[in-house]
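Below are the chains, spelled out letter by letter.
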Amino acid sequence: YLDKASRQTRDHRDEIRGYGQELLEWARELGERERTSLAQYARVAANAVLTTLFIVIILGVISVTLIVRQVARPLRDLSNQLDAVADGSITEMTPNSNDEEIQSVVMHFNDMLARTRSQQTRLRKHEKAAALGVLASGVAHELNNPLSNISTSVQLLQESTDDSEKELRDQWMTHIDQETERARRIVRRLLDSVRQPKLQVQKCEYPALIESSVALVTGQLPESVRVHIVNAPDRRMYVDGERMKQVFINLVKNAANAGAQNIWINASVTTWAGMGNAITGEMHGETCQINQPGPVLRVDISDDGPGIADDHLAQIFDPFFTTQTGHDGIGLGLYLVKEIISEHDACIAVDNRSEGGAQFTIGIPLPNEEETE
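Residues numbered from 1 in each chain as written. Predicted model: local features only at pLDDT ≥ 70, side-chain atom pairs only at ≥ 80, totals over all residues. Heavy atoms only, no water.

### Section: the nonpolar core
Point 1. Judged by nonpolar contacts, the single largest core of 42 residues is most densely connected at Tyr206, Phe248, Leu251, Val299 and Ile362.
Point 2. If you list the elements that add at least two residues to this core, you get α4 (206-218), β3 (236-239), α5 (241-257), β4 (262-271), β6 (295-303), α7 (333-343), β7 (347-352) and β8 (358-365).
Point 3. In terms of residues, this core owes the most to one element, α5, which gives 8 residues.
Point 4. Among residues more than four places away in sequence, those in contact with isoleucine 362 are Val247, Phe248, Leu251, Met275, Leu297, Arg298, Val299, Ile341, Cys347 and Ile348.
Point 5. Of all hydrophobic cores here, the second largest spans 6 residues; its members include Met93, Ile102, Val106 and Leu113. (Core = buried A, V, L, I, M, F, W, Y, C linked by side-chain atoms within 4.5 Å. Buried < 20%, exposed > 50% of the residue type's maximum accessible area, 1.4 Å probe, protein only. Helix = DSSP H or I, 4+ residues; strand = E, 2+ residues; numbered from the N terminus. Contact = heavy atoms within 4.5 Å.)

### Observations concerning the pattern of salt bridges
Point 1. Summed over the entire model, instances satisfying the criterion amount to 8 salt bridges.
Point 2. The salt bridge partner of glutamate 32 is arginine 35, with a shortest N-O separation of 2.4 Å. Placement of the pair is glutamate 32 and arginine 35 together in helix α1 (residues 2-87), with a separation of 3 residues, close to one helical turn.
Point 3. Close ionic contact of glutamate 343 with arginine 243 constitutes a salt bridge, the shortest N to O distance being 3.0 Å. Pair noted here: glutamate 343 is in helix α7 and arginine 243 is in helix α5, with a separation of 100 residues, a long-range link.
Point 4. For glutamate 343, a relative accessible area of 27% translates into the label partly exposed.
Point 5. Using a relative accessible area of 14% as the deciding quantity, one classes arginine 243 as buried. (Salt bridge = Lys/Arg side-chain N within 4 Å of Asp/Glu carboxyl O.)

### Some words on the environment of leucine 199
Point 1. Along the polypeptide, leucine 199 turns up in the loop between α3 (166-194) and β1 (202-205).
Point 2. Sequence separation of leucine 199 and valine 239 is 40 residues, and the distance between their C-alpha atoms is 8.0 Å.

### Description of α5
Point 1. With 17 residues, α5 ought to run about 24 Å at 1.5 Å a step, and its terminal C-alpha atoms sit 24 Å apart, in line with that.
Point 2. Two residues or fewer past α5, glycine 259 is found with a positive phi of approximately 110°. (Expected span 1.5 Å × (residues − 1).)

### Comments concerning α4
Point 1. With 13 residues, α4 extends 18 Å from end C-alpha to end C-alpha; this agrees with the ideal 18 Å at 1.5 Å per step.
Point 2. Listed in full, the buried residues belonging to α4 are Tyr206, Pro207, Leu209, Ile210, Ser213, Val214 and Val217. Along the axis of α4, the buried positions cluster into a sector of 165°, meaning they face one direction only.
Point 3. Buried residues belonging to α4 abut β1, β2 (226-231), β3, α5, β4 and β6. (Arc of directions from axis to C-beta.)

### Things to note about the confidence of the model for the protein chain
Point 1. In this model, the protein chain carries an average pLDDT of 78, and 77% of its residues clear a pLDDT of 70 or more.
Point 2. In the model of the protein chain, strand β5 (residues 282-285) stands out as the element of lowest mean pLDDT, 58, in contrast to β2, which has the highest, 93. (pLDDT = per-residue confidence, 0-100.)

### Concerning the pairing of β6
Point 1. Of all 9 residues making up β6, 9 are buried, and the element is well covered by its neighbours.
Point 2. The sheet contact formed by β4 and β6 spans 9 bridges and is antiparallel. For serine 268, the partnering residue across the bridge sits in β6 and is arginine 298.
Point 3. With 7 bridges connecting them, β6 and β8 associate as antiparallel partners. (Pairing = 2+ DSSP bridges.)

Structure (structure tokens):
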């Protein structure tokens, strides 16, 4: 009985051991399948991540391209147009995008420009009305003196009946003639100041222009006054020759009337930037040109006179401002100079020289040397 039980026990143990071995093999096989499945899932997940990352990169590139095309580039174009508007090369902006916000900005900006131009036009009208008031008061003031002198001389002539006073009557008649001529000159200058003839722009060579201007003014100066042409670069200009001659003649005569004995005219070719950096005095005309590129003819007209009082520098180009007491001192010569300079898109500045005397500096835009007629 014991042997039988022992054999049964061994049989059960072997059977259990067999079941355990099968269970171990099954567990090992199940683990291997799980590892294989996990590896496949990991590869799938990695591929999904790489695919997603690639898609995100592509979408990012597309988004950046769209942003640049739809936003950055139109904004850069708008910035360039704003610079052009500020420089005066264009008068309004054009929409360069289909974006409604950008089109709205451009539309409102153009509307603002139109309102600004309208306000500037009204302001110019008010300025013209004020200038007419100044002109009327100047006419009344300047013509009052010669007319009063003429009236006094006529009354003296009417009261004089003695033939022995013929010499005195001749003197009064001469006085009347002189005062009449003075009034005529005043009226002519006033007309020149309000007329705005169309510029007859033509090709001019600077040396010939300045030499003819000096030749014309030399006969009107005292013999003690000398005009020296220091340097005259051989450059072409496009200006109204007759009106530009008037500029040089008026400046030379102004220096002589102020008491100068020597007047120097020195010209050089520079740039607007160099022109602006060299000027420290009062500047008038198209001063915005200082920010433009391109060559410029700088003409310095200096003298050895007494100079200009500091409190007069800001008024020197005002109409009817004069420090002269002679018959020709009606204060329109330098005003006409400023107007002619502005018509040519040029600028003029005045300052006192450190060594004494005054200096007027003119900047005239030049065509590029390679530019053809």
